[in-house]
Amino acid sequence: MAAASRSTDEPDLCQLPDGSLLCAMRPGPEPHMWQSWSRDAGHTWSKPAPLPFYGHCANLLATRSGITLLAHRDPGISIHY
């Protein structure tokens, strides 16, 4: 999923209502969270892009009402939607 020069740590995936997959991850020692998307059941992925916040250990949840939640640690425990 990441560029060949990067490794990713602590990924999590969720399937969204439209069938696409979202992966949140932390690339190597970098503190920013990153995201990548697949629209073909995981066969190919978008180039990872940084999210506008720091965090480790992503946990994704797509709710029945269409809201996607991303919980993570560091700093503290946070939830983004």
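For the structure, see preceding data.
Here is what the cut-offs are and how they apply
- Residue positions within a chain follow its written sequence, with the count starting from 1.
- Totals for whole chains, interfaces and linings use every residue, but because this is a predicted model, local features are given only for residues with pLDDT of at least 70 and side-chain atom pairs only at 80 or more, for both listing and counting.
- Remark: hydrogens and water are excluded; side-chain values derive from all non-hydrogen atoms of the structure.
- A pair of strands is labelled paired if DSSP reports no fewer than 2 bridges between them.
- The way it works is that DSSP assigns letters per residue, a run of H or I at least four long becomes a helix, a run of E at least two long becomes a strand, and they are numbered from the N terminus.
- Every angle, taken between N-to-C directions, lies between 0 and 180 degrees, and every axis is a line fitted to C-alpha atoms, over only the stretch in contact when it is a helix.

Caption draft 1: Spotlight on the sheet that holds strand S4 (residues 49-54). Judged by pairing direction, the sheet is antiparallel, and its four strands sit side by side in the order S1-S2-S3-S4 without closing on themselves. The open sheet has two edge strands, strand S1 (8-15) and S4, and neither has a second partner. Averaged over neighbouring strand pairs, the angle between their axes works out to 25° when direction is ignored. When S1 meets strand S2 (residues 21-27), the two strands line up antiparallel, connected through six bridges.

Caption draft 2: Fine view of unusual backbone geometry. A positive phi angle, close to 60°, is found at alanine 41, a residue other than glycine. For alanine 41, the position within the fold is in the loop between strand S3 (32-38) and S4.

Caption draft 3: Up close: the sheet that holds strand S7 (residues 77-80). In spatial order, the strands read S5-S6-S7; together these three strands make up an open sheet with antiparallel pairing. Edge positions in the sheet fall to strand S5 (56-62) and S7, since each has one partner strand and no second. When the angles between neighbouring strand axes are averaged without regard to direction, this sheet yields 20°. Pairing of S5 with strand S6 (residues 68-73), which is carried by five bridges, proceeds in the antiparallel orientation. Counted as the bridge partner of leucine 61 is leucine 69 from S6.

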